[in-house]
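A closer look at the structure
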2 protein chains.
Amino acid sequence: MEAGPPGSSRPTELGPCLSGQRGADQAASASLQSAARAQLGRHPLAVAAVLPAGGCGERMGVPTPKQFCPILERPLISYTLQALERVFWIKDIVVVVTGENMEVMKSIIQKYQHKRISLVEAGVTRHRSIFNGLKALAEDQLNCKLSKPEIVIIHDAVRPFVEEDILLKVVTAAKEHGAAGAIRPLVSTVISPSADGCLDHSLERARHRASEMPQAFLFDVIYEAYQQCSDYDLEFGTECLQLALKYCCTKAKLVEGSPDLWKVTYKRDLYAAESIVKERISQEVCVITDTKEDNKHVSHLLEEVLKSELNVMTSDLQETQKLLSILEESHLSILYPVVVVSVHFLDFKLVPPSQKMENLMQIREFAKEVKKRNIWLCGLLISYPQDEQKLQESLRQGAIIIASLIKERNSGLVGQLLIA
Amino acid sequence: MEAGPPGSSRPTELGPCLSGQRGADQAASASLQSAARAQLGRHPLAVAAVLPAGGCGERMGVPTPKQFCPILERPLISYTLQALERVFWIKDIVVVVTGENMEVMKSIIQKYQHKRISLVEAGVTRHRSIFNGLKALAEDQLNCKLSKPEIVIIHDAVRPFVEEDILLKVVTAAKEHGAAGAIRPLVSTVISPSADGCLDHSLERARHRASEMPQAFLFDVIYEAYQQCSDYDLEFGTECLQLALKYCCTKAKLVEGSPDLWKVTYKRDLYAAESIVKERISQEVCVITDTKEDNKHVSHLLEEVLKSELNVMTSDLQETQKLLSILEESHLSILYPVVVVSVHFLDFKLVPPSQKMENLMQIREFAKEVKKRNIWLCGLLISYPQDEQKLQESLRQGAIIIASLIKERNSGLVGQLLIA
């Protein structure tokens, strides 16, 4: 997909892994840290981010502002905060929200344990909101934990898939040029209508670009621009790069961004965002095999068939409980629903499935319990015939079911016992 | 959502309904027919459509050209053809494909029973492909079933959600103005870079629009434009409206389109398209209750809980088989996977589920059989306790599972017996 090869551009925290997600995050950060320092100069820059989130999402056609619409039950803005937060060199993140959404925003920050966030009240337009965010960073007040940064990033709350890579590029370019912003090729031709609603002329596509986010500025440049800005610009303007050009003669450097920077605007974009999140969190494999029983061979075969799917296997309920405790302690399930598939093997010819099923029915009650902690448990009974070819067939079927449960992440199926 | 209220803008054929989809289509067409005739003048116009589908989809980042990427296992272009086909007043649909994809395209037309399609070989650029399509319509050859239309619609193969409404609008406007095209507000600000990759200037968003599809032209206007067109335009141009302006002095009328006209460009757009299709085909309800047993009351209660979901219920396997035969004969499953949930009620206190389960296990084999005809069968056992409150709870759970199966349309779960 357009995100590039896995690993390179995928956010490190998006792949849940039992063995310490924080560890993986830190390792990835460490290697980027040195690159960042090398590029940003000998001393690390003071960088802050302003995130205007005061929009009402009228284009979405739903009553909830789009930044608060849920993606896998978590508000969109929380994904964007997570993406900024994991970039260690962004010291402060100023989120600008309307007064009426202030409490909602506070509860999101608390629930998903976001750090380094300050809340500022929005203005009536996007530019006024950004200006409020900048003011909060500019004013070195005694009671204020914020301090003026050298560089400020401006990003959108509704672009959740921003990568450290592009943030670093715009910050580095802003240090050199005073301003920088991500751009993308145009998808449609842009035209200029005449007053009577007819085509006046069309623009040459190759000569124009779509201006996207993130953008970055020397703080003094963009703050100066906003201070000098006309009321008309504050009311009707949309482009921060244009303000830096108009009021500070600063020509922004344009940086090619990835397609993932797109802005969640319509309901279809929410669908796309949810599918991307599901795809990303379904990449990592974790197979836990019970070594006590002699179905180690068949577990291994299942692993082979599963290949690139996440799968957690245990053999009895006691083991499952131990695993679930580990999962809960890892805090993984705060950010994403964690799917656990408890896999059992059974020769249906020797033991009719209904016989074992009675025991396994308790999985339903147990699943209901752990669902409260965002762990989605399902059972899977895989037929284990003597015939090697039939075994392969039931393993393949089992792998398809596991992949379905993980990729679709369908809460309606929690507690079910499926049969392959 | 942005598609507007159900019924008004949703394609009539997208909601599967047992009682004659074709009937509903015809009824909807009939009312639009009179409107179309009224607007198009006393005599119906000869209208044809050209659908360039020669692109290689490089931006998608997948080897399959995007128009052939599957949405619920059916190629994207088949959805677009379906959308054009159901507009009765479009006499011919000329699809322009590359030589290497000619056979693929033929098999798609055959498999999904598309009508009124002619295939023409693509040129090396989009404009050359459209020109080839127009030539096929212009040349009144003896062996050719095509004849020159008065109006030609040009649409994209990768805009599957085009509605009759907008097609009618552009055709009507093209008859009056010579050319017309759908437009949308810009989502991002458009900028013009300088030679050194910096911002030269940004365009005022309110004064520009994105040019989308469909477009329509008096055939003689656009054919004349293409005949006079320079090689440079044929190689590097993108905008048909611009050609009509440049070579025929025809100023196209611009018509505001819906967000659903967007072009499937990136992989995320495929995700969005699949979600939209799933949502649309999950709107209609069909509940079949077995009147022989005395669980009519509880079936009715389930209907109440299900509210707006599609649900097909029968009470024994024989009934299910009858229903499935009807479904197969209706040809519904040619275009979409049809989900059938066979619901059974059982007081788990009186009869342990394992006992009945043994009988119901046969559903798996049967499901495997009908899956070949694109009918996805699942079983659902709903607990039927005496306690009214507990009954409500298990019905609610059952409704959630049914909704999941229908909305997610997850082929991995075919043949499963779920428990609520």
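It should be noted that the structure appears before, not after, this text.
Residues numbered from 1 in each chain as written. Chains lettered and ligands numbered in written order. Predicted model: local features only at pLDDT ≥ 70, side-chain atom pairs only at ≥ 80, totals over all residues. Heavy atoms only, no water.

**A few points about empty space enclosed by the protein**
Heads up, the condition is: A 1.4 Å probe that fits into a set of points on a 1 Å grid over the protein atoms alone but cannot get out defines a cavity; an open set with protein on both sides within 12 Å along at least five of seven lines defines a pocket, and lining residues are those with an atom within 4 Å of a point. Grid points are joined across faces, edges and corners, and a volume is the space filled by probe spheres set on the points. The helix and strand labels rest on DSSP assignments: H or I over at least four residues marks a helix, E over at least two residues marks a strand, and numbering proceeds from the N terminus. Following the grouping adopted for this structure description, the nonpolar residues are Ala, Val, Leu, Ile, Met, Phe, Trp, Tyr, Cys and Pro, the charged ones are Asp, Glu, Lys and Arg, and the polar ones are all others, Gly among them.
As enumerated under the stated definition, the model contains ten cavities of 30 Å³ or more in all. As a volume, the largest cavity reaches approximately 650 Å³. Around the largest cavity, the lining comprises 34 residues; the ones closest to its centre are V187 and R268 of chain A together with V187, S188 and R268 of chain B. Elements with a contribution of two residues or more to the lining of the largest cavity: β7 (179-185), β10 (209-218) and α9 (267-281) of chain A together with β7 (179-185), β10 (209-218) and α9 (267-281) of chain B. Residues of the lining of the largest cavity, tallied by class, amount to 18 nonpolar, six polar and ten charged.

**Details of the sheet that holds strand β13 (residues 375-383) of chain B**
Residues and elements named next belong to chain B. Counted only if it meets this: In this analysis, strands are considered paired if DSSP registers two or more bridges between them. Axis geometry follows a simple rule: fit a line to the C-alpha atoms, using only the stretch in contact for helices, then measure angles between N-to-C directions, giving values from 0 to 180 degrees. In what follows, a contact means two residues having at least one pair of non-hydrogen atoms within 4.5 Å.
If you walk across this open sheet you meet the three strands as β12-β13-β14, and the pairing is parallel. The two strands at the open ends of the sheet, each matched to only one other strand, are β12 (338-346) and β14 (417-419). Adjacent strand axes in the sheet meet at a mean angle of 25°, parallel and antiparallel pairs treated alike. Where β12 and β13 come together, nine bridges link them in parallel fashion. In the strand pairing of β13, V340 is matched with L377. Contacts between helix α15 (residues 388-408) and the sheet are confined to β12, β13 and β14, with β13 contributing the most and set at about 170° to the helix.

**As for the relation of the copies chain B and chain A**
Put simply, the rule is: The atoms used to superpose the copies are C-alpha atoms, taken from residues with pLDDT of at least 70 in both, and the fit is least squares.
Once chain B has been moved 0.0 Å along the axis and rotated by 180°, it coincides with chain A to within an RMSD of 0.1 Å. The two molecules are tied by a two-fold rotation axis, judged by turn and shift. With an isologous cut-off of 70% or more, the 100% of interface residues of chain B that recur at the interface of chain A puts this contact in the isologous class.

**A short note on the pairing of strand β9 (residues 199-202) of chain B**
All names here are of chain B. Looking at chain direction, strand β8 (residues 189-193) and β9 are connected through three bridges and run antiparallel. Looking at β9, one finds that S192 is bridged to H201. The antiparallel pairing of β8 with β9 creates a hairpin that spans five residues between the two strands, and G197 there sits at a positive phi of about 75°.

**Observations regarding α9 of chain B**
To be explicit about the condition: How far a helix is expected to stretch is found by multiplying one less than its residue total by 1.5 Å. Per-residue accessibility, obtained with a 1.4 Å probe over protein chains only, is compared with the maximum for each type, and a residue is labelled buried under 20%, exposed over 50%, and partly exposed between these values.
Given a rise of 1.5 Å per residue, 15 residues ought to cover 21 Å, and the 22 Å separating the end C-alpha atoms of α9 of chain B matches this to within 8%. Most of α9 of chain B sits inside the fold, with 13 of its 15 residues counted as buried.

**As for the nonpolar core**
Under the convention used in this document: Among the buried residues, those of types Ala, Val, Leu, Ile, Met, Phe, Trp, Tyr and Cys that are joined through side-chain atoms within 4.5 Å form a nonpolar core.
Within the largest apolar cluster, 112 residues are counted, with the highest numbers of intra-cluster contacts made by I77, I90 and V95 of chain A together with I77, I90 and V95 of chain B. Every residue in contact with I90 of chain A, bar those within four places of it in the chain, is listed here: V47, A48, A49, L84, R116, I153 and L167 of chain A.

**Observations regarding the sheet that holds strand β12 (residues 338-346) of chain A**
All names here are of chain A. Taken together, the three strands give an open sheet; going across it, the order is β12-β13-β14, and neighbouring strands pair in parallel fashion. Two strands close off the open sheet at either side, each with one partner strand: β12 and β14 (417-419). Strand-to-strand twist across the sheet, computed as the mean angle between neighbouring axes with direction ignored, equals 25°. Direction of pairing for strand β13 (residues 375-383) relative to β14: parallel, over a ladder of three bridges. When the bridges of β14 are listed, G379 appears paired with L417. Packing of helix α14 (residues 362-371) onto the sheet brings it into contact with β12 and β13, and relative to β13 it is tilted by some 150°. Strand contacts of helix α15 (residues 388-408): β12, β13 and β14, with the helix running at about 170° to β13, the strand carrying the most contacts.

**Details of helix α6 (residues 219-228) of chain A**
Here α6 of chain A has its buried residues at F219, V221, I222, Y223, A225 and Y226 of chain A. Where the residues of α6 of chain A are buried, they touch α4 (126-138), β6 (151-154), β10, α7 (231-236) and α8 (240-248) of chain A.

**Regarding the pairing of strand β1 (residues 47-52) of chain A**
Residues and elements named next belong to chain A. Burial of β1 is extensive: six of the six residues sit out of reach of the surface. Covered by surrounding structure in β1 are V47, A49 and L51 together with A48, V50 and P52, the residues of both alternating faces. Sheet topology note: the β1/β6 ladder contains four bridges and is parallel. The residue of β6 that forms the bridge with A49 is I153.

**Here's the deal with the packing of aromatic side chains**
All names here are of chain A. The cut-off we apply is this: Only the six-membered ring of Trp is used, alongside the rings of Phe and Tyr, when aromatic pairs are assigned; centres must lie within 6.5 Å, and planes under 30 degrees apart are stacked while those over 60 apart are edge-to-face, with the rest tilted. Should the NZ of a Lys or the CZ of an Arg lie within 6 Å of a ring centre and within 35 degrees of the ring normal, that charge is described as sitting over the ring.
Applying the stated rule across the entire model yields twelve aromatic pairs over all chains. Arranged with centres 5.5 Å apart and planes meeting at 25°, the rings of F131 and Y226 form a pair that is stacked. Remark: Y226 occurs in helix α6 and F131 occurs in helix α4; sequence separation between them is 95 residues. Taken individually, F131 and Y226 each receive the classification buried, so the pair is uniform in this respect. Members of the aromatic cluster, each reached through a chain of ring pairs, are F131, F219, Y223 and Y226. Sitting over the ring of Y336, R74 keeps its end group 5.0 Å from the ring centre.

**A look at the pattern of salt bridges**
Residue and element names in this part refer to chain A. Formally: Salt bridge, as used here, is a side-chain nitrogen of Lys or Arg placed within 4 Å of a carboxyl oxygen of Asp or Glu.
Counted under the stated rule, the structure contains 36 salt bridges over all chains. A salt bridge links E204 to R207; the nearest nitrogen and oxygen atoms lie 3.9 Å apart. Looking at R207, the relative accessible area reads 56%, which means it is exposed. Two residues, R373 and E369, come together in a salt bridge whose shortest N-O distance is 3.7 Å.

**Quick look at the interface of chain B and chain A**
Just so we agree on the cut-off: Buried surface area refers to the total accessible area, computed with a probe of radius 1.4 Å, that the two partners give up upon joining, counted for both partners together.
Each partner contributes residues to the interface: chain B has 77 residues there, and chain A has 77 residues. Roughly 6600 Å² is buried in total at the junction of chain B and chain A, and carbon and sulfur atoms are behind 55% of that figure. When the area that chain B buries against chain A is broken down by residue, the three leading residues are L199, R268 and Y271 of chain B, summing to 10%. In this assembly, chain B and chain A are joined by two salt bridges.

**Considerations on the side chain of R280 of chain A**
Residues and elements named next belong to chain A. Defined as follows: Polar contact is the term for a pair of N or O atoms within 3.5 Å; when the atoms are in protein, one must be able to donate a hydrogen and the other to accept it, and sequence-neighboring residues count only if both atoms are side-chain atoms.
If you trace the backbone, R280 turns up in helix α9. Among the residues examined, R280 registers a relative accessible area of 2% and is labelled buried. At a separation of 2.8 Å, a polar atom in the side chain of R280 contacts the side chain of D260.

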